[in-house]
Amino acid sequence: AAVAVHGRTRAQMYSGQADWDIIAQVKKNVAVPVFGNGDVRSGADAIRMREQTGCDAVLVARAAQGNPWIFDEIACALSCRAWTPPTGRDRVEMALRHFALEERLHGARGGMLEMRKHIAWYISGMRGAAKFRDQINSLESPEAVRDALLAFAEEAGE
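All figures in this text were calculated on a predicted structure; none of them were measured in a lab.

A. Just the overall build of the protein chain, in detail. The helix and strand inventory of the protein chain stands at six helices and three strands. Along its sequence from the N terminus, the protein chain presents helices and strands in the succession β-α-β-α-β-α-α-α-α. Taking the principal axes of its C-alpha atoms as reference, the protein chain extends roughly 55 × 35 × 30 Å. Buried positions account for 36% of the 158 residues belonging to the protein chain. Per element, the accessible surface of the protein chain, about 9,200 Å² overall, is 52% carbon and sulfur. Of note, the protein chain has its 20 positive side-chain charges centred 4 Å away from the centre of its 20 negative side-chain charges.

Here it is as structure tokens:
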């Protein structure tokens, strides 16, 4: 038995800041483990949440979109190990791997349509990402999306 507490209200939706104090209050008042959630976007955030709330575990949601490396970053932070962020090439390779899995699950066209938003998350912060997001959303074939993604990585010097 455990309880997960998200520090954001339903009315807030995705806006505002998560209230970690509510997580701490729950932790003080229940006997089961408490999992904290909300505004954990890095290893440093995970450490701060654990210190501020006393929670037993940290959950990650939207910060994992296009960033599956966040779990390794958090594990390294919690164990005081150095962490190396992914390169642009790492991001593109993971997006291509994810693309192949989406195609297996949803078919070529369905996988391509689903991947458009995921690709935007994978390339977030890379040079030229905003322009590339517009381009990706206009492409009509999986091959064109894959080719454009590879070309983007080359142009970005990744």
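B. Up close: the side chain of Arg116. Inspection of the secondary structure puts Arg116 in helix α4 (residues 88-123). Polar contacts involving the side chain of Arg116 include one to the main-chain carbonyl oxygen of Asn137, which spans 3.4 Å. Excluding its chain neighbours within four sequence positions, the residues that come into contact with Arg116 are Ile136, Asn137, Leu139 and Glu140.

C. Representation of the nonpolar core in the model. Core analysis: the biggest nonpolar cluster contains 19 residues, and Ile119, Ile123, Phe132, Ile136, Val145 and Leu149 have the highest contact counts within it. For this core, the secondary structure elements donating two or more residues are α4, α5 (129-136) and α6 (142-155). Element by element, the count of residues in this core is highest for α4, at eight residues. Setting aside anything within four residues of it in sequence, one finds Ile119 in contact with Phe132, Ile136, Val145 and Leu149.

D. Broad picture of the sheet that holds strand β2 (residues 34-37). An order of β1-β2-β3 is seen for the three strands of this open sheet, with the pairing classed as parallel. Two strands in the sheet have a free side with no partner beyond their single neighbour: β1 (3-6) and β3 (57-59). Each strand of the sheet is rotated relative to its neighbour by a mean of 30°, with strand direction disregarded. The pairing of β1 with β2 spans four bridges and is parallel. Directly across from His6, in β2, lies its bridge partner Asn37.

E. Structural context of the pattern of salt bridges. Per the counting criterion, the structure on display carries seven salt bridges. Note that Lys27 and Asp56 form a salt bridge whose closest N and O atoms lie 2.8 Å from each other. Residue Lys27 is found in helix α1 (residues 20-29), and its partner Asp56 is found in the loop between α2 (43-53) and β3; the two are separated by 29 residues along the sequence. For Lys27, a relative accessible area of 24% gives the class partly exposed. Among the ionic pairs, Arg48 bridges to Asp45, the shortest N-O distance being 2.3 Å. Here Arg48 pairs with Asp45, and both are found in helix α2, just three residues apart, close to one helical turn. The buried category is assigned to Asp45, whose relative accessible area is 10%.

About the cut-offs
Residues numbered from 1 in each chain as written. Predicted model: local features only at pLDDT ≥ 70, side-chain atom pairs only at ≥ 80, totals over all residues. Heavy atoms only, no water. Helix = DSSP H or I, 4+ residues; strand = E, 2+ residues; numbered from the N terminus. Buried < 20%, exposed > 50% of the residue type's maximum accessible area, 1.4 Å probe, protein only. Areas by Shrake-Rupley, 256 points an atom, 1.4 Å probe, with all protein chains shown as cover. Lys, Arg positive; Asp, Glu negative; His and termini not counted. Charge placed at Lys NZ, Arg CZ, Asp CG, Glu CD. Polar contact = N/O pair within 3.5 Å; in protein donor to acceptor, adjacent residues only side chain to side chain. Contact = heavy atoms within 4.5 Å. Core = buried A, V, L, I, M, F, W, Y, C linked by side-chain atoms within 4.5 Å. Pairing = 2+ DSSP bridges. Axes fitted to C-alpha atoms, helices over the stretch in contact; angles between N-to-C directions. Salt bridge = Lys/Arg side-chain N within 4 Å of Asp/Glu carboxyl O.

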